[in-house]
Amino acid sequence: MSDEEHQFESKADAGASKTYPQQAGTIRKNGYIVIKNRPCKVVEVSTSKTGKHGHAKCHFVGIDIFTGKKLEDIVPSSHNCDVPHVNRTDYQLIDISEDGFVSLLTENGNTKDDLRVPTDEALLAQIKSGFEEGKDLIVSVMSAMGEEQICGLKDIGKN
């Protein structure tokens, strides 16, 4: 054995914590699945019967939780699919900057400044108008597979 210490500098993470495997036959409507490396919410599942030589197949139709695009995939029902770890966290809105970023207050009192305003025009308009009126707003941030986006808004009243 050598006495040298090896230093590994990894620029990428393993990606193991971003998804977990689940058998395709057990994934249901309103669940989550990874289709074409995108986290999707399942809106439709149909299962075909087994053929003469084959497996039953599951046909998934999912909507990307960040872009809203419709994606489809067909997987044998006995095979494993990747399912994203989807978390929803609420933060208090502190500020909206001119360059399109929001400043949020975390539960432990720190600020989170690395999130862009949502791409959904209706939600963006609600956030901006509520913020300009001086309301205390709570935004819901959905995160999956290393991406985060504001997906909801709650008004907790005036100061």
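Note that the structure is predicted; figures quoted are calculated from it, not measured. (Residues numbered from 1 in each chain as written. Predicted model: local features only at pLDDT ≥ 70, side-chain atom pairs only at ≥ 80, totals over all residues. Heavy atoms only, no water.)

With that settled, consider the environment of Leu104. Structurally, Leu104 is set in strand E8 (residues 101-105). On the basis of relative accessibility, which here comes to 0%, the residue Leu104 falls in the buried class. Here Leu104 is in contact with Tyr91, Gln92, Leu93, Ile94, Asn110, Thr111, Lys112, Asp113, Leu115, Val139 and Val141, once residues within four sequence places are set aside. (Helix = DSSP H or I, 4+ residues; strand = E, 2+ residues; numbered from the N terminus. Buried < 20%, exposed > 50% of the residue type's maximum accessible area, 1.4 Å probe, protein only. Contact = heavy atoms within 4.5 Å.)

We now examine the pattern of salt bridges. Side-chain pairs of opposite charge can arise where the charged atoms are in close proximity. Under the criterion given, the structure shown has 7 salt bridges. For Asp64, the salt bridge is made with Arg38, and the minimal N-O distance between the two is 2.6 Å. Highlighted residues: Asp64 in strand E4 (residues 57-64) and Arg38 in strand E3 (residues 38-47), separated in sequence by 26 residues. Since its relative accessible area comes to 23%, Arg38 is described here as partly exposed. Asp90 is the salt-bridge partner of Lys154, the closest N and O atoms lying 2.8 Å from each other. One end of the pair, Lys154, is in strand E11 (residues 147-155); the other, Asp90, is in strand E7 (residues 87-96), with 64 residues separating them in the sequence. Judged by relative accessible area, Lys154 falls into the partly exposed class, the value being 42%. Residue class for Asp90 comes out partly exposed when judged on its relative accessible area of 33%. Look at the salt bridges and you will find they share partners, linking Arg38, Asp64 and Glu147 into a network. (Salt bridge = Lys/Arg side-chain N within 4 Å of Asp/Glu carboxyl O.)

With 6 bridges joining them, E7 and strand E10 (residues 137-144) adopt antiparallel strand pairing. Looking across to E10, one finds that Tyr91 is bridged to Val139. The antiparallel hairpin formed by E7 and E8 contains 4 residues in its connecting segment, where Gly100 sits at a positive phi of about 90°. (Pairing = 2+ DSSP bridges.)

As for its placement among the helices and strands, Ser103 is situated in strand E8. By relative accessible area, Ser103 is classed as buried at 15%. Of the polar contacts made by the side chain of Ser103, one reaches the side chain of Asp113; its length is 2.7 Å. (Polar contact = N/O pair within 3.5 Å; in protein donor to acceptor, adjacent residues only side chain to side chain.)

This paragraph deals with the pairing of E11. Note: E10 against E11, 8 bridges, orientation antiparallel. When the sheet's bridge partners are listed, Val141 is paired in E11 with Ile150. Joining the antiparallel neighbours E10 and E11 is a turn of 2 residues, in which Met145 adopts a positive phi near 55°.

Let us now look at the confidence of the model for the protein chain. Per-chain confidence: the protein chain averages 84 in pLDDT, with 87% of residues scoring 70 or above. The secondary structure element of the protein chain with the lowest average pLDDT is helix H1 (residues 121-132), at 85, and the one with the highest is E3, at 94. (pLDDT = per-residue confidence, 0-100.)

Pairing is antiparallel across the open sheet formed by 5 strands, whose spatial order is E9-E8-E7-E10-E11. The sheet is open, and its two borders are formed by strand E9 (111-116) and E11, each paired with just one other strand. Direction aside, neighbouring strands of the sheet carry axes that sit 45° apart on average. (Axes fitted to C-alpha atoms, helices over the stretch in contact; angles between N-to-C directions.)

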